[in-house]
Amino acid sequence: MDLIKAIIIAIIEGLTEYLPISSTAHMGFTASLMGLPEDEFLKMFQVSIQFGAILSVVVAYWKKFFDLKNLQFYFKLAFAVVPALVLGYLFDDTIEAVLGNQIAISSVLVLGGVVLLFADKWFKNPKIDDEKGITVKKAITIGFWQCLAMMPGTSRSAASIIGGMTQGLTRKAAAEFSFFLAVPTMLAVTVYSVFVKTWGKETANPQKGYEMIMSSQDHITIFIVGNIVAFIVALIAIKAFIGVLNKYGFKPWGWYRIFVGVALLIYFYFFQ
């Protein structure tokens, strides 16, 4: 993978990570359309650039993340992330097996779009418009909803936002808590994928020659540039998403998912 293609994938990650349209699906489709081989470095790169997206949330909401007086905020995130950590570890191999099935991912993209078309009608009377109104119990419930995104194509953002709305959160409050929850969730996934999973495979199966980030100067450059691009784009996307969500709700994203999902189903079924 050359630097230009890596930048394109990083742009896609930054644009889609916090939108309810599935960054995993979009990065997978983009890589496939560019003809990139589905090797270990590509898989690791797609996960590792989430680090840049993580930093964008911390920067955008730095007052919240560095308010040491609000310990409840950290407790809520700690409890909310547990379901994803446990279930993600247990079903890691199953999830990875689905990542290469573009037909399945495209189908989930369409189904998720249909759900988003009706989401605004289902949750009409929200009562919580700020993170402070979220109890630990509600945070854990949202954490379980987030686990639906383990199926590639679902969207971690969509699952956790809808999970928040089931707990009485406004669209804005649900979206922001989804952003907050993404930080420990994605950080754990990135660390596990880059430093535990890959290195473990390298040690256990040296004959397979798994490539790691630090294996060459090109990989180091791609990793650094990819994270910088993902950070900048995600920072812009977060602000734009909140504005669009408040004004138009979920329907634009639902129609987008359906249109893209159907187009990709046709492409991968008939032309691949």
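Residues numbered from 1 in each chain as written. Predicted model: local features only at pLDDT ≥ 70, side-chain atom pairs only at ≥ 80, totals over all residues. Heavy atoms only, no water.

The name an unreviewed UniProt entry assigns to the protein chain is Undecaprenyl-diphosphatase, from the organism Chryseobacterium shandongense. As stated in UniProt under Subcellular location (unreviewed entry), the record for the protein chain gives "Cell membrane". (UniProt positions renumbered as here; feature names shortened; annotations may be inferred.)

Let's talk about the UniProt feature "transmembrane region" (unreviewed entry) in the protein chain
Following the UniProt record, one finds the feature "transmembrane region" (unreviewed entry) at residues 41-61, 73-91, 103-123, 144-165, 177-199, 220-242 and 254-271. Regarding residues 73-91, the helix share stands at 95% and the strand share at 0%, and the terminal C-alpha atoms are separated by 28 Å. Along residues 254-271, the helical share is 94% and the strand share 0%, with 25 Å between the first and last C-alpha atoms. (Helix = DSSP H or I, 4+ residues; strand = E, 2+ residues; numbered from the N terminus.)

Focus: empty space enclosed by the protein
Scanning all chains against the criterion turns up 1 cavity of 30 Å³ or more. Met 1, Leu 36, Pro 37, Asp 39, Phe 41 and Leu 42 together form the lining of the largest cavity. Its residues assigned to classes, the lining of the largest cavity comprises 5 nonpolar, no polar and 1 charged. (1 Å grid on protein atoms, 1.4 Å probe; cavity = no way out; pocket = protein on both sides within 12 Å on 5 of 7 lines; lining within 4 Å. Points joined across faces, edges and corners; volume = space filled by probe spheres on them. Nonpolar A, V, L, I, M, F, W, Y, C, P; charged D, E, K, R; others polar.)

Here we look at the environment of Ser 160
Mapped onto the secondary structure, Ser 160 falls in helix 10 (residues 156-166). Ser 160 gets classed as buried once you look at its relative accessible area, which sits at 1%. The spatial distance from the C-alpha of Ser 160 to the C-alpha of Gln 146 is 4.6 Å, given a sequence separation of 14 residues. When neighbours within four sequence positions are excluded, Ser 160 is seen to be in contact with Ile 142, Gln 146 and Ser 178. Within the local environment of Ser 160, its side chain forms a polar contact with the backbone oxygen of Ser 157, the two atoms lying 3.2 Å apart. Polar contacts involving the side chain of Ser 160 include one to the side chain of Ser 178, which spans 2.7 Å. (Buried < 20%, exposed > 50% of the residue type's maximum accessible area, 1.4 Å probe, protein only. Contact = heavy atoms within 4.5 Å. Polar contact = N/O pair within 3.5 Å; in protein donor to acceptor, adjacent residues only side chain to side chain.)

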